[in-house]
Every structure is written in C-alpha cells, then in structure tokens.
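# Architecture at a glance
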Amino acid sequence: MHVSARSDYAVRAMLSVAADPAHLAKAADLAADQAIPLSFLQGILLDLRRAGLLHSQRGVDGGYTLARPATAISVGDVLRAVGGTLTTVRGLPAERATYHGVAARLGGVWLAVNGAIEAIVDTTSLADLLTGRSVPAPPAGTTPPVPMTKQEME
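A brief look at the structure comes next. Predicted model, so just to flag it, every value in this text is computed and none were measured.

Rules used throughout
- Residues numbered from 1 in each chain as written.
- Predicted model: local features only at pLDDT ≥ 70, side-chain atom pairs only at ≥ 80, totals over all residues.
- Heavy atoms only, no water.
- Patch = residues over 30% accessible without salt bridge, like charges linked within 9 Å, V, L, I, M, F, W, Y side chains within 5 Å.
- Areas by Shrake-Rupley, 256 points an atom, 1.4 Å probe, with all protein chains shown as cover.
- Salt bridge = Lys/Arg side-chain N within 4 Å of Asp/Glu carboxyl O.
- Helix = DSSP H or I, 4+ residues; strand = E, 2+ residues; numbered from the N terminus.
- Axes fitted to C-alpha atoms, helices over the stretch in contact; angles between N-to-C directions.
- Parallel < 35°, antiparallel > 145°, perpendicular 65-115°, else oblique.
- Left-handed = near helix turned anticlockwise from the far one by under 90°.
- Contact = heavy atoms within 4.5 Å.
- Nonpolar A, V, L, I, M, F, W, Y, C, P; charged D, E, K, R; others polar.
- Buried < 20%, exposed > 50% of the residue type's maximum accessible area, 1.4 Å probe, protein only.
- Phe/Tyr/Trp six-rings, centres within 6.5 Å; stacked < 30°, edge-to-face > 60°.

## Focus: a nonpolar patch on the surface
- On the surface, Leu 106, Val 109 and Val 113 cluster together to form a nonpolar patch covering roughly 190 Å² of accessible area.
- Within the element layout of this structure, Leu 106 appears in helix H5 (residues 106-121).

## What about the packing of helix H3 (residues 38-50) against helix H4 (residues 75-83)?
- Their axes nearest at 9 Å, the elements H3 and H4 cross at an angle of 115°. When the axes of H3 and H4 are compared, the pair comes out roughly perpendicular. Viewed along their axes, H3 and H4 form a crossing whose handedness is right-handed. On the side of H3, the interface is formed by Ile 44, Asp 47 and Leu 48, while H4 contributes Val 78, Ala 81 and Val 82.
- Counted by class, the contact of H3 with H4 contains five nonpolar, no polar and one charged residues.

## Brief notes about the pattern of salt bridges
- According to the stated counting rule, one finds six salt bridges in the structure shown.
- Notably, a salt bridge pairs Arg 6 with Asp 47, separated by 2.1 Å at the nearest N-O pair. Taken together, the positions of Arg 6 in helix H1 (residues 5-19) and Asp 47 in helix H3 put the pair 41 residues apart, joining distant regions of the chain.
- Given a relative accessible area of 22%, Arg 6 falls into the partly exposed group.
- Its salt-bridge partner being Glu 118, residue Arg 80 comes within 3.6 Å of it at the nearest N-O pair. Of the two residues, Arg 80 is situated in helix H4 and Glu 118 in helix H5; the sequence distance between them amounts to 38 residues.
- Assessed through its relative accessible area of 32%, Arg 80 is described here as partly exposed.
- Beyond isolated ion pairs, a larger network of salt bridges with shared partners links Arg 80, Glu 118 and Asp 122.

## Side note on the packing of aromatic side chains
- The full count for this structure, using the stated rule, is one aromatic pair.
- Taken together, a centroid distance of 5.5 Å and an interplanar angle of 80° make the contact between Tyr 9 and Phe 40 edge-to-face. One end of the pair, Tyr 9, is in helix H1; the other, Phe 40, is in helix H3, and 31 residues separate them in sequence.
- Under the relative-accessibility criterion, Tyr 9 is labelled buried at 6%.
- Since its relative accessible area comes to 31%, Phe 40 is described here as partly exposed.

Below you can see the structure in the form of structure tokens.
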C-alpha cells in the first residue's frame, strides 16, 4: 500500500469536518487548517461528495458536513473514495496480479497484505481517530512518526 498525498489529505479533511459536525466546513478553512493546497482539496472534496461521504451546501453560507455519523465512516471508505483499491501490484489491484512458475504463490502474499490493510482501515472510523479509541498501535520496535514540517507537507 502506498498512501498518496491525495489519500492523506482526504482523511485529514474528513477528520476536520468530523471534528465539528454541527458546523458547515468551508473548503478554504479546511485547506488552511490542514495545510492542503485549496485547488487540490476541491477535487478531493468532490470525490468524497460523489462517494456519499460528504454533503455540500452551496452559497455564501455553504460548506461541507458528513453524510453519515463519524462512527459510520471508516478510513477505508475515505481511501477508496479518492484512490480506488487499497493495495496495488504493478498498478493493478492485488487480486488481479498473476504469477507463473516459481513465483506462482506470490499473489497469495499480496492478497494477505491487502487483507491486513483492510482489517485495519475498515475497522478504524473517523470517530476512533478523533477520540483515540480503538486506533491500532504501531508494531513493537517501530518508532512513532515524526511530525512533518509545513515545507515537507507542500
């Protein structure tokens, strides 16, 4: 699995909307809050709306709200809405990768990797991330991520 900037931005934007469900979130505010280029974010928000994860209201007082409660939107839902399949092998979904000869069983490894990723992202909701509840811990022996600087995010 490769987490693209588009996928990362989509989850971050959804978390910002979910953090204040009573408020209509404006695209410009989401972009500023999460240091996401506005023009890039607008395309992401359109994909999230088309996938049924966001509602939009037009006009001066418009903005975005979640289409479902944060408990009912998984990280996997968001990732699929903006990126399609979760795991790709040579640009194809993992289930379409084929091998022959000594590598014939390699496809099973990629399917298992995809299953492990799905098990995490499909059971982690936006609400879980906002509250810290049920968020998987990093594997033992790994170092926690170092926050990126604003220059690295751009």
